[in-house]
Amino acid sequence: DTAGTAVIGRIVRLSSLIAKKVDANLANYSINIGEFDVLAALLRADKHQLSPGQIQDLSLVSSGGLSNQIKRLENNGYVSRTQGKTDGRSVIVQLTPSGKALIEDAARSHIALEKALIQSLTPSECESLQGPLHELLLALDDEHRLITFN
């Protein structure tokens, strides 16, 4: 039975093709997908600020890569880090005005790219793919943290 090969092979190939297009699009903004995820999580957050742990829970960035992503974003002036008000050991990461402008532009472009990538599918086909793909993500998500997409 090669059902697994047919499905997984297509998913792997799609992942590679999509990643190349996403990476090329984000390169226009001089950021990578990890930095995009961090900035997008901050944009969605109340007061555009989160702790690193909260960013971890809301993004696709690995815990090992998160501090490097934040450091690069801070060096580029897109985020700032401050000590938490209640606990001097905690850190709060906040989106700066230039970071907000960058992620708003990059997000518009990213959403347009996502729309272009699925243009060969009908709305009905897109909707019917969502359920099985969601179930596969639930089954395979080793960290039991599923990022939801609306």
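All residue numbers refer to positions counted from 1 along the written sequence of the respective chain. Reporting in this predicted model follows two pLDDT cut-offs: at least 70 for local features of residues, and 80 or more for side-chain atom pairs to be given and counted; totals over whole chains, interfaces and linings ignore these cut-offs and use all residues. To get the side-chain values, take all heavy atoms of the structure and skip hydrogens and water.

Undergrad: So what exactly am I meant to see when it comes to the pattern of salt bridges here?
TA: Once their charged atoms are close, side chains differing in charge can pair, the charge on each being opposite to the other. One speaks of a salt bridge when a side-chain nitrogen belonging to Lys or Arg is within 4 Å of a carboxyl oxygen belonging to Asp or Glu. Summed over the entire model, instances satisfying the criterion amount to four salt bridges. Two residues, Glu74 and Arg81, come together in a salt bridge whose shortest N-O distance is 2.8 Å. For Glu74, a relative accessible area of 28% gives the class partly exposed. Between Asp105 and Arg108 there is a salt bridge; the shortest N-O distance is 2.5 Å. In this pair, Asp105 and Arg108 are both assigned in helix α5 (residues 97-117), three residues apart and thus about one turn of the helix distant. Per-residue accessibility, obtained with a 1.4 Å probe over protein chains only, is compared with the maximum for each type, and a residue is labelled buried under 20%, exposed over 50%, and partly exposed between these values. Only runs of H or I of at least four residues qualify as helices and only runs of E of at least two qualify as strands under DSSP, and these elements are numbered from the N terminus.

Undergrad: Got a minute to help me understand the side chain of Ser109 in this structure?
TA: Turning to its location among the elements, Ser109 is positioned in helix α5. When residues no more than four places from it in sequence are discounted, the contact partners of Ser109 are Asn25 and Tyr29. The contact criterion used throughout is that any non-hydrogen atoms of two residues lie within 4.5 Å.

Undergrad: Even after reading the chapter, I still don't get a nonpolar patch on the surface, so can you show me in this structure?
TA: Candidates for patches are residues over 30% relative accessible area with no salt bridge; among them, like charges are joined within 9 Å and nonpolar side chains (Val, Leu, Ile, Met, Phe, Trp, Tyr) within 5 Å. Exposure was quantified through the Shrake-Rupley algorithm and a 1.4 Å probe, taking into account, for residues, occlusion by the shown protein chains and nothing else. A cluster of nonpolar residues, Val7, Ile8, Ile11, Val12, Leu14, Ile18, Leu117, Ile118, Leu121, Leu129 and Leu133, forms a patch on the protein surface that exposes about 860 Å² of accessible area. Per-element accounting of the nonpolar patch gives the leading share, six residues, to helix α1 (residues 3-27). Take Ile18: it is sitting in helix α1.

Undergrad: Honestly, the nonpolar core in this entry has me stumped. Any pointers?
TA: The nonpolar side chains of soluble globular proteins are, as a tendency, buried together. For this analysis, a nonpolar core means a set of buried residues of the types Ala, Val, Leu, Ile, Met, Phe, Trp, Tyr and Cys, connected via side-chain atoms within 4.5 Å. Membership of the largest hydrophobic core comes to 25 residues, with the highest contact counts inside it found for Phe36, Val38, Leu39, Leu42, Ile55 and Val79. Every element with two or more residues in this core is listed here: α1, α2 (33-44), α4 (63-75), β3 (91-95) and α5. When residues of this core are assigned to their parent elements, the largest contribution, six residues, is made by α2. Each residue touching Ile55, except ones within four places of it in the same chain, is listed here: Val38, Leu42, Leu50, Leu66, Ile70 and Val93.

Undergrad: What exactly am I supposed to notice about the sheet that holds strand β1 (residues 49-50) here?
TA: Sheet strands pair via backbone hydrogen bonds, and the direction of the pair is either parallel or antiparallel. Reading across from one edge, β1-β3-β2 is the order of the three strands in this open sheet, with antiparallel pairing throughout. Only two strands of the sheet have a single partner each, and these edge strands are β1 and β2 (79-83). Only when DSSP finds a minimum of two bridges between them are two strands counted as paired. Of the pairings in the sheet, the one linking β1 to β3 comprises two bridges and is antiparallel in character. Following the sheet pairing, Gln49 is matched in β3 by Gln94. Axes, fitted as lines to C-alpha atoms, cover a helix only where it is in contact. Angles between the N-to-C directions of the axes lie from 0 to 180 degrees. Strands β2 and β3 of the sheet are contacted by α4, whose axis makes an angle of about 110° with β2.

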